[in-house]
Structure formats: structure tokens, C-alpha cells
Amino acid sequence: MSAVQILDFEQPIAEIERQISVLEGRPDASAIADEIRTLHETRSSLLSKTYGSLTPWQTVRVARHPQRPQTLDYVQMICRDWCELHGDRRHGDDPAIVTGFGRIGSIKCLVVGHQKGRDTKERLACHFGCAHPEGYRKALLKMKLAEKFRLPIVTLIDTPGAYPGIGAEQRGQAESIAVNLREMSRLRVPVICIVIGEGGSGGALGIGVGDRVAMLQNSWYSVISPEGCAAILWKEANEKTNNLAANALSLTATHNLRNGLIDDVIPEPVGGAHRNPKAMAEAIQHYVVDRVRELQRIDPDTLVRKRYEKFRAIASVK
Amino acid sequence: MPEPTWTEATVAVKKTVPDGLWTQCPECEETIFRKSLEANLMVCPKCDHHLRISARRRIEQLLDPGTFEPLDADMSPMDPLGFVDQKPYIDRLRETQRKSGEIDGVQTGTGFIKGRKLVVGVMDFTFMAGSMGSVVGERLTRCIEHATDHSLPLVIVSCSGGARMQESGFSLMQMAKTSAALARFDDSGGLYISVLADPTTGGVTASYAMLGDVIFAEPKALIGFAGPRVIQQTIRQALPEGFQTAEFLEKAGFVDRIVHRSALRTEISRIIDYSGK
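The structure presented is a predicted model; accordingly, all values stated were derived computationally and were not measured. (Residues numbered from 1 in each chain as written. Chains lettered and ligands numbered in written order. Predicted model: local features only at pLDDT ≥ 70, side-chain atom pairs only at ≥ 80, totals over all residues. Heavy atoms only, no water.)

Asker: Would you explain the confidence of the model for chain B in this entry?
Answerer: When pLDDT is low, close inspection of the predicted coordinates is not appropriate. The share of residues in chain B with pLDDT of 70 or more is 93%, and the mean pLDDT across the chain is 93. Note on the complex model: pTM 0.94, ipTM 0.96. (pLDDT = per-residue confidence, 0-100.)

Below, the structure is given as C-alpha cells:
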């Protein structure tokens with residue numbers, strides 16, 4: 001694996017790693033094995049400590065880490081016999097939302113997920129994971145197909161938000177998301193939604209109505225990004241106000257679980273999903289297989305009713 | 001002295017702040033005699049600009065006189081996240097409640113339009129920019145369910161800056177909740193007319209506002225998902241003339257009819273008659 005890019009708050013860890021590599025590079029490395037081992041231990045404990053107490057804003061930074069696995073990485077790691085399906089049959093094919101059939105463990109399913117893009121070219125094509133209406137319509141078209149085939153649906157959410165642009169508005173960004181919310185609520189097959197990175201507002205929810213909604217430990221999910229919130233409520237987005245907004249928005253997995261807005265948190269490997277994508281993929285696979293098996297025992301009428309009741313119950317009123 | 005409850009505050013507001021005699025049209029800047037503006041449904045007699053109106057005034061204009069019966073009128077907001085920005089959310093709420101005399105940003109109930117019984121939900125832009133939090137989502141969901149249970153036509157008048165940030169994930173999930181309720185209403189064969197007033201943006205547009213069987217919009221209303229400022233910052237180019245207006249949306253295929261405020265009652269009645277509801 002290529003070197004992990006270091007976030008600013010990980011500097012102390014990077015410093016120890018630098019020392020380790022210097023010592024390990026010395027000809028007398030075997031003579032100082034004890035010192036090296038101690039440094040490794042210090043590094044591990046510092047990493048666990050840092051990742052065990054991330055602030056909400058730090059969590060957002062981890063969720064956006066450039067090396068964090070994306071939908072197609074997970075597809076590659078957990079789906080056998082991947083069969084990608086393109087296009088919304090209306091306007092085009094939006095690479096910011098990927099759809100296709102695959103086998104996860106023993107389960108045949110449809111996977112729908114945001115894709116941000118790995119290199120600059122792909123990122124530009126994907127608009128950094130900001131989908132257009134054709135992306136949401138493609139997602140729905142394939143989900144309806146899965147429903148017809150009686151296949152469960154797994155969605156992987158990872159978007160800063162739906163794309164704000166002229167074409168997107170012209171082609172009905174709002175309508176495409178609204179229709180997905182309505183239609184996903186009545187799909188007669190199990191739907192599992194997992195926020196794998198960023199859960200930015202309506203653009204995330206547009207593929208986020210399911211029987212089980214989970215978040216990876218270091219992902220975020222909220223009505224607006226911290227920067228967007230800071231710019232409006234604090235009149236300026238900077239390091240300080242982004243921090244304040246991230247705190248105020250209760251956007252972490254733990255907060256969302258505590259508030260009853262999601263069903264589960266999937267723990268990440270120490271140091272985040274990007275430090276051990278394979279372990280993360282395995283955890284996701286286990287989660288999906290377990291939950292789908294559980295949901296497949298429920299008849300479609302009950303499934304749809306329970307999904308309705310789950311979202312129906314979300315309110316903070318008196 | 002204890003803080004006045006919202007109802008006491010309403011009375012206080014009504015006593016101390018008499019309506020101005022004159023109002024300036026925000027569009028053409030014409031000074032208009034308040035009474036004639038009101039008689040003209042708060043549409044500028046000179047330039048035909050549709051001024052923003054409160055939910056209560058909208059209900060007065062829309063329904064047959066004296067027929068409105070509110071649903072869940074006592075439901076009030078909470079502060080589930082203990083949200084504090086430059087001011088605590090709870091203080092913002094109290095202040096807005098005191099100023100507006102309303103508990104939150106929507107009115108729901110039953111009533112009649114030209115003798116036809118229906119369920120209405122009307123958003124109130126004067127309350128925290130018509131933002132949708134739990135109360136708006138919950139009251140609208142209940143009124144959708146009421147329409148489903150009683151087989152009544154449903155009209156929702158939207159005007160909103162979008163989801164309410166101060167309730168974060170709770171606000172976001174109101175989009176899913178209201179849309180799911182509309183799916184059930186649709187399954188039951190119900191008629192839903194969505195009326196879009198200036199402005200309808202963000203999470204409100206991306207949920208119930210765009211899910212009408214028939215969608216009306218008031219002339220020149222701003223309607224969109226992302227706000228024009230956000231779009232401009234993203235694409236760094238000038239927006240086309242008339243972008244995100246009701247007329248733009250009609251041309252793009254997302255609005256059925258642009259309806260002048262004076263024709264709204266007639267147009268709603270026609271659709272109800274065609275639907276056979």
C-alpha cells in the first residue's frame with residue numbers, strides 16, 4: 001500500500017513513524033530492536049488514542065481522507081461477479097453514483113453507491129461525488145429492477161451533497177431526490193444503507209431510505225456540511241467556525257445513533273478505514289450479510305410497514 | 001416576571017404593533033395603501049409582484065371563510081441537540097415565537113375550497129425563513145395521514161428556505177418521513193396538489209414540494225434545490241436570466257401550471273373536480 005497521507009492532527013504519529021523508519025534503516029538495526037519495538041508500541045497506542053477521541057471536525061477530515069476507500073474499492077473487495085449497470089435511460093450515465101449487481105458472501109444483491117473518484121480525472125468526472133439528477137434516477141431505476149428480481153439492495157453513501165449547478169437544477173435535482181425518498185420507502189425488498197464517508201444532506205438521503213441505516217465509525221451524516229453551516233450561522237467558514245459547526249450539528253456516527261437517526265455504527269480499524277481497507281471491507285461484508293439474512297425472513301408487507309414506522313417515529317416535538 | 005407564553009405574546013404583538021398604513025412593493029418600490037394591497041391578496045396592483053404572506057393570511061385567502069379547523073395546533077418544537085451557534089436555538093425559537101405569535105413554521109388543518117372539503121398544510125416563511133424542523137415535518141406528516149385516513153384531497157403550500165440547520169439530522173429525516181407518508185397517500189389513491197410559493201428551496205423542494213400529483217407555482221417564485229449563491233460559488237459563472245423562477249421550472253418540465261394568486265382557489269377546485277375526489 002502506498003504511504004498513508006497524514007492529517008494535521010496526526011503529526012505526532014507521523015513523527016514517531018519517521019523515527020522508526022530512520023532507526024530501521026540503520027545498519028545496526030538489529031542491535032537496537034528493543035528501542036524500535038518500544039517506538040512501534042508508542043505509535044500504536046498514540047494512534048488508538050488519537051482515533052479514540054477524534055473531535056467531530058477531525059472525524060469529518062477522516063471521512064474525507066483522500067485515501068479512504070470508496071464504493072468501487074469496496075465493490076472490488078467484497079463483491080464477486082460484479083456486473084455494473086449504467087445510465088438512467090433518460091439523460092445519461094452519472095459516474096457519481098455507481099450501480100450494479102454483485103454477490104456479497106452468499107447473497108446476490110444490487111449495490112448502489114456514491115463514487116468520488118480516485119485520481120484528478122476521475123474526481124472531475126464524478127464531480128467529487130456530487131451526483132446529478134441522472135445519478136439519482138439511475139439509482140432508482142436499478143433499485144426497481146432489483147425489486148422485480150426480489151434482490152436485496154445495499155447502498156453506500158459518500159457525498160458532500162448533490163451537485164449545485166445549472167444543469168442539475170434544470171433537470172430537476174430536487175424532484176429526483178424527492179422521488180427517490182418516496183419510492184425507496186415502498187420498495188418491497190430489504191434495503192441496507194451504509195454511510196461510508198460523507199453523508200451530506202439530501203444528496204446522501206437520496207439513496208439513504210432503508211430498513212437498516214448504518215454509519216462507519218468515522219463517517220459523518222448531517223443536514224448540511226460544517227462549512228456550509230458555519231458560512232450561514234457564523235457568517236464565515238474557517239478552522240474555528242468549522243469546528244464549532246461540526247460540534248453543533250451532532251454529525252458523528254455516535255451522535256446519530258444516540259439520537260435514534262441511524263440503527264448501527266460499524267467500527268473502523270484502528271487509525272481509520274484508509275489504514276486497513278481490507279479489514280473495513282470485511283466488517284462491511286459481515287454487517288451486510290447478517291442484516292440481509294435477518295430482513296429476508298420478513299414478508300414484504302411487514303418489511304415496508306416497519307420501514308415506514310422507523311422513519312415515521314423520527315421527531316423531536318412536544 | 002415569568003416569560004409570556006406564545007399565546008399571550010400574540011395578543012401583545014397584536015395590541016402594540018398596528019399594521020402600517022402603507023407598504024412598499026419590494027419589486028417595483030411603489031408605495032401601496034395597505035388596505036388595497038390586502039384586498040388584492042397581497043399582490044402589487046402596479047407590477048403584479050406576489051408578496052410573501054404568512055400561513056394564516058394564506059389560509060384566509062385560500063379557504064371558504066370560517067371553514068378552517070386546525071390539526072395539532074399545540075405541537076411545539078424542542079431543541080434535541082442543544083444547538084448553539086452565535087445564539088442558542090432555544091432563544092431563537094422563543095424570540096421568533098414572540099415576534100410572530102406562531103409556535104412553528106407551518107399551519108395544518110381541514111377546510112373547504114368552494115365547498116370542497118380538503119386537508120391543507122401551509123408553510124410560514126415568516127417563521128425562521130420557513131425552515132423545516134421536526135414540528136413542520138411531523139405536522140405535515142400527520143395532515144398527510146389525516147388525508148389518507150379520511151380520503152380527502154391534500155393541498156400543501158410550500159415556501160421555505162429548506163431544512164432547519166438547528167435540528168440537523170432530525171430536520172433531514174423529515175424529508176424521508178413526509179415523502180414516505182406521501183407514498184402511502186399515493187397508494188391509497190389520494191390527490192395531492194403542491195403549491196410552490198416564493199421561495200421554495202433545499203430540503204423542502206427535495207421532498208414533499210416536488211411530489212405533488214399536480215404542481216402549481218406562483219408567478220416568478222424562486223424554486224430550486226441549491227440556492228443561487230451556492231451555485232454561483234460552485235460554477236463561478238453568471239446564472240442565466242430568470243434561472244430558478246417558476247417560469248424556468250415550468251419550461252424545464254417540473255411545474256404543471258403557473259397560477260396567479262387570484263386564481264388559486266379556482267384552479268385547485270378544477271383539479272379536485274377532474275380527480276373525482
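Structure's up, so let's keep going.
Asker: Honestly, the pattern of salt bridges in this entry has me stumped. Any pointers?
Answerer: Side chains bearing opposite charge may pair, as long as their charged atoms lie close to each other. Residue and element names in this part refer to chain A. On inspection of all chains with the given rule, the structure shows 50 salt bridges over all chains. One salt bridge in this structure joins aspartate 34 and arginine 37, with 2.8 Å as the shortest N-O distance. Here the residue aspartate 34 and the residue arginine 37 both occupy positions in helix α2 (residues 33–52), the gap between them amounting to three residues, near one helical turn. On the accessibility criterion, aspartate 34 (48% relative accessible area) is partly exposed. The class for arginine 37 is partly exposed, based on a relative accessible area of 47%. (Salt bridge = Lys/Arg side-chain N within 4 Å of Asp/Glu carboxyl O. Helix = DSSP H or I, 4+ residues; strand = E, 2+ residues; numbered from the N terminus. Buried < 20%, exposed > 50% of the residue type's maximum accessible area, 1.4 Å probe, protein only.)

Asker: In this structure, what is going on with the pairing of strand β6 (residues 154–160) of chain B? I would like to understand it.
Answerer: Looking along a regular strand, one sees the side chains alternate between the two faces of the sheet. Residue and element names in this part refer to chain B. Burial within β6 is extensive, with seven of its seven residues counted as buried. Burial along β6 is two-sided: the face carrying Leu154, Ile156, Ser158 and Ser160 and the face carrying Val155, Val157 and Cys159 are both buried. Here strand β5 (residues 116–123) pairs with β6 via four bridges, running parallel. Paired with glycine 121 across the strands is isoleucine 156, a residue of β6. Since β5 and β6 lie parallel, the crossover through helix α5 (residues 134–149) that links them has a hand, and here it is right-handed. Two elements, β6 and strand β7 (residues 192–200), share six bridges in a ladder whose sense is parallel. The partner of valine 155 across the bridge, within β7, is isoleucine 193. This β-α-β element, β6 to helix α6 (residues 168–187) to β7, shows right-handed connectivity. (Pairing = 2+ DSSP bridges. Right-handed = clockwise from strand over helix to strand, strands pointing away.)

Asker: Can you help me understand the side chain of aspartate 124 of chain B in this one?
Answerer: Relative to the helices and strands, aspartate 124 of chain B is located in the loop between β5 and α5. Here aspartate 124 of chain B occupies a buried position and makes no salt bridge, while the nearest side chain of opposite charge, arginine 56 of chain B, is found at 6.3 Å. (Lys, Arg positive; Asp, Glu negative; His and termini not counted.)

Asker: I tried to follow empty space enclosed by the protein on my own but got confused; where do I start?
Answerer: To find leftover empty space, a probe the size of one water molecule is rolled over the atoms. Scanning the entire structure with this criterion turns up four cavities of 30 Å³ or more. Lining the largest cavity, in full, are Glu169, Gly172, Gln173, Ala174 and Glu175 of chain A together with Thr205, Met210, Ile223, Gly224, Phe225, Leu249 and Phe254 of chain B. With three residues, helix α8 (residues 173–184) of chain A is the largest single contributor of residues to the lining of the largest cavity. (1 Å grid on protein atoms, 1.4 Å probe; cavity = no way out; pocket = protein on both sides within 12 Å on 5 of 7 lines; lining within 4 Å. Points joined across faces, edges and corners; volume = space filled by probe spheres on them.)

Asker: For this particular structure, what's the right way to read the environment of valine 289 of chain A?
Answerer: All names here are of chain A. On the secondary structure map, valine 289 appears in helix α13 (residues 277–296). The exposure class of valine 289 is buried, given its relative accessible area of 9%. Along the chain, valine 289 and glycine 117 lie 172 residues apart, while their C-alpha atoms are 26 Å from each other. Dropping the residues within four chain positions of it, valine 289 is found in contact with Ile104, Gly105 and Ile107. (Contact = heavy atoms within 4.5 Å.)

Asker: Would you mind showing me how to read the interface of chain A and chain B here?
Answerer: Accessible area lost during the coming together of the parts is what is often quoted as the interface size. The interface of chain A with chain B comprises 47 residues on the first partner and 59 residues on the second. Together chain A and chain B conceal approximately 4600 Å² of surface at their shared face, both sides included; 70% is due to carbon and sulfur atoms. There are four salt bridges connecting chain A and chain B. The shortest N-O distance in the salt bridge between arginine 312 of chain A and glutamate 145 of chain B comes to 2.7 Å. (Buried area = accessible area lost by both parts, 1.4 Å probe.)

Asker: Hey, could you run me through unusual backbone geometry in this one?
Answerer: Working note: non-glycine residues mostly have negative phi, and peptide bonds are mostly trans. Residue and element names in this part refer to chain B. The linkage connecting aspartate 198 with the following residue, proline 199, adopts the cis geometry, with an omega of -15°. You can see proline 199 is positioned in strand β7. Of note in the backbone geometry, glutamate 29 takes a positive phi value of approximately 65° without being a glycine. Along the polypeptide, glutamate 29 turns up in the loop between β1 (22–24) and β2 (31–33). Relative accessible area serves as the criterion here: at 55%, glutamate 29 is assigned to the exposed category. Within the chain, lysine 220 stands out as a residue other than glycine whose phi angle is a positive 65°.

Asker: What exactly am I supposed to notice about the nonpolar core here?
Answerer: Most often, soluble globular proteins keep nonpolar side chains buried together rather than apart. Within the largest apolar cluster, 133 residues are counted, with the highest numbers of intra-cluster contacts made by Leu154, Tyr208 and Ile268 of chain B. Leaving out residues up to four positions away in the same chain, tyrosine 208 of chain B has contacts with Met123, Met132, Val136, Leu140, Ile156, Ser158, Thr178, Ser179, Leu182, Tyr192 and Ser194 of chain B. (Core = buried A, V, L, I, M, F, W, Y, C linked by side-chain atoms within 4.5 Å.)

Asker: Teacher, can you tell me more about helix α4 (residues 89–100) of chain B here?
Answerer: Think of an α-helix as turning once every 3.6 residues; residues three or four places apart then point the same way. Residue and element names in this part refer to chain B. Compared with the 16 Å implied by 1.5 Å per residue over 12 residues, the 16 Å span of α4 between its first and last C-alpha is a close match. For α4, the set of buried residues is Tyr89, Leu93, Thr96 and Gln97. For α4, the buried positions fall inside an angular range of 100° around the axis, keeping them on one side. (Expected span 1.5 Å × (residues − 1). Arc of directions from axis to C-beta.)

Asker: Mind showing me how you'd approach the packing of α5 of chain B against α6 of chain B here?
Answerer: Packed helix pairs are characterised by how far apart their axes lie and by the angle those axes make with each other. Residues and elements named next belong to chain B. Two elements in contact, α5 and α6, have axes separated by 9 Å at closest approach and are oriented at 5°. By the criterion of interaxial angle, the relationship of α5 to α6 is roughly parallel. Seen from α5, the contacting residues are Ser134, Gly137, Glu138, Leu140, Thr141, Ile144, Ala147 and Thr148; seen from α6, they are Phe170, Gln174, Lys177, Thr178, Ala181, Leu182, Arg184 and Phe185. A per-class count over the contact of α5 with α6 returns seven nonpolar, six polar and three charged. (Axes fitted to C-alpha atoms, helices over the stretch in contact; angles between N-to-C directions. Parallel < 35°, antiparallel > 145°, perpendicular 65-115°, else oblique. Nonpolar A, V, L, I, M, F, W, Y, C, P; charged D, E, K, R; others polar.)

Asker: I'm lost on the sheet that holds β7 of chain B in this one. Help?
Answerer: Each strand in a sheet pairs with its neighbour through backbone hydrogen bonds, running either in the same direction (parallel) or in the opposite one (antiparallel). All names here are of chain B. Taken together, seven strands build an open sheet; the order of strands is β3-β4-β5-β6-β7-β8-β9 and the sheet is mixed. Looking at the sheet topology across the chains shown, the edges are occupied by β3 (69–70) and β9 (257–258). Seen against the sheet, α5 touches β4 (106–113), β5 and β6 and runs at an angle of roughly 25° to β4.

Asker: What is the right way to look at the side chain of threonine 59 of chain A in this model?
Answerer: Tracing the chain through its elements places threonine 59 of chain A in helix α3 (residues 56–63). With sequence-adjacent residues up to four places away left out, threonine 59 of chain A is seen in contact with Leu54, Gln217, Asn218, Ser219 and Thr252 of chain A.

Asker: Mind showing me how you'd approach the pairing of strand β5 (residues 191–200) of chain A here?
Answerer: Residue and element names in this part refer to chain A. Burial runs high along β5: 10 of the 10 residues are buried. In this sheet, β5 lies alongside strand β4 (residues 153–159) in parallel orientation, the contact comprising six bridges. Within β5, the residue paired with valine 154 across the bridge is isoleucine 192. Of the pairings in the sheet, the one linking β5 to strand β6 (residues 212–216) comprises four bridges and is parallel in character. By the bridge assignment for β6, isoleucine 194 is matched with alanine 214. Sheet analysis places β5 next to strand β7 (residues 220–222), joined by three bridges and oriented parallel.

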